[in-house]
Amino acid sequence: RKQTSSSFHSRTRSLTQLAATLGQLATDFEMAVIVVNQMTTKDNQVTAALGESWAHSATTRLLLTQLENGYRKCTIAKSPHKGVTSALYCIQSNGIRDIPKQHKRQRLQ
């Protein structure tokens, strides 16, 4: 569906206002706000579904990747306080758990 220029600007303005409101709530209540921006493809390129303005409004960006054998990887891709790093985990019936130590070294590479 083709988007008109005015609807694009209106959507961008609404997303910017929403990001500012969420940021203010996080500050006021000293809490983290987690938002999800689904990745999609556009012209055979991976891009953020909510657009670049929303992608740039986040302070910290985490990439969650599903690996084989039920393992997953969380990568800090953008942060004002931390460098790029990754952690492996798995989701089990009793919650999110660390993976066994012997598997970590080979999986992070």
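One structure accompanies this document, and this report is about it. Keep in mind that what you see is a predicted model, and the values were worked out from it rather than measured.

**Remarks on the overall build of the protein chain**
Part 1 of the reasoning: Per the secondary structure count, the protein chain includes three helices and six strands.
Part 2 of the reasoning: Within the span of the protein chain, comprising 109 residues, buried residues form 15% of the whole.
Part 3 of the reasoning: Counting only contacts in the protein chain whose residues sit at least 6 apart along the sequence, the fraction spanning at least 24 positions is 17%.
Part 4 of the reasoning: Of the roughly 8900 Å² of accessible surface on the protein chain, 53% is carried by carbon and sulfur atoms.

**A word on the environment of G23**
Part 1 of the reasoning: Looking at the secondary structure, you find G23 in helix α1 (residues 5-29).
Part 2 of the reasoning: Along the sequence, G23 and S57 sit 34 residues apart, while their C-alpha atoms lie 9.4 Å from each other.

**Brief notes about unusual backbone geometry**
Part 1 of the reasoning: Even without glycine at this site, D43 takes up a positive phi of about 55 degrees.
Part 2 of the reasoning: Relative to the assigned elements, D43 resides in the loop between β1 (39-42) and β2 (45-48).
Part 3 of the reasoning: A relative accessible area of 69% means that D43 is categorised as exposed.
Part 4 of the reasoning: You will see that N44, though not glycine, has its phi angle at about 60 degrees, which is positive.
Part 5 of the reasoning: When its relative accessible area of 82% is taken as the criterion, N44 is described as exposed.

**Side note on the pairing of strand β5 (residues 85-92)**
Part 1 of the reasoning: Bridging between strand β4 (residues 71-78) and β5 involves six bridges; their strand directions are antiparallel. Its bridge partner lying in β5, T75 is registered against S86.
Part 2 of the reasoning: A loop of six residues connects β4 with β5, the two strands running antiparallel in sequence.
Part 3 of the reasoning: When β5 meets strand β6 (residues 95-98), the two strands line up antiparallel, connected through four bridges. The residue of β6 that forms the bridge with Y89 is D98.
Part 4 of the reasoning: Hairpin geometry of β5 and β6 is characterised by an intervening segment of two residues between the two adjacent antiparallel strands.

**So, a nonpolar patch on the surface**
Part 1 of the reasoning: A cluster of nonpolar side chains, contributed by L25, F29, M31, V33 and V35, occupies part of the molecular surface with about 420 Å² of accessible area.
Part 2 of the reasoning: Within the secondary structure, V33 is located in the loop between α1 and β1.
Part 3 of the reasoning: The partly exposed category is assigned to V33, whose relative accessible area is 33%.

Reading the values: rules and limits
Residues numbered from 1 in each chain as written. Predicted model: local features only at pLDDT ≥ 70, side-chain atom pairs only at ≥ 80, totals over all residues. Heavy atoms only, no water. Helix = DSSP H or I, 4+ residues; strand = E, 2+ residues; numbered from the N terminus. Buried < 20%, exposed > 50% of the residue type's maximum accessible area, 1.4 Å probe, protein only. Contact = heavy atoms within 4.5 Å. Areas by Shrake-Rupley, 256 points an atom, 1.4 Å probe, with all protein chains shown as cover. Pairing = 2+ DSSP bridges. Patch = residues over 30% accessible without salt bridge, like charges linked within 9 Å, V, L, I, M, F, W, Y side chains within 5 Å. Salt bridge = Lys/Arg side-chain N within 4 Å of Asp/Glu carboxyl O.

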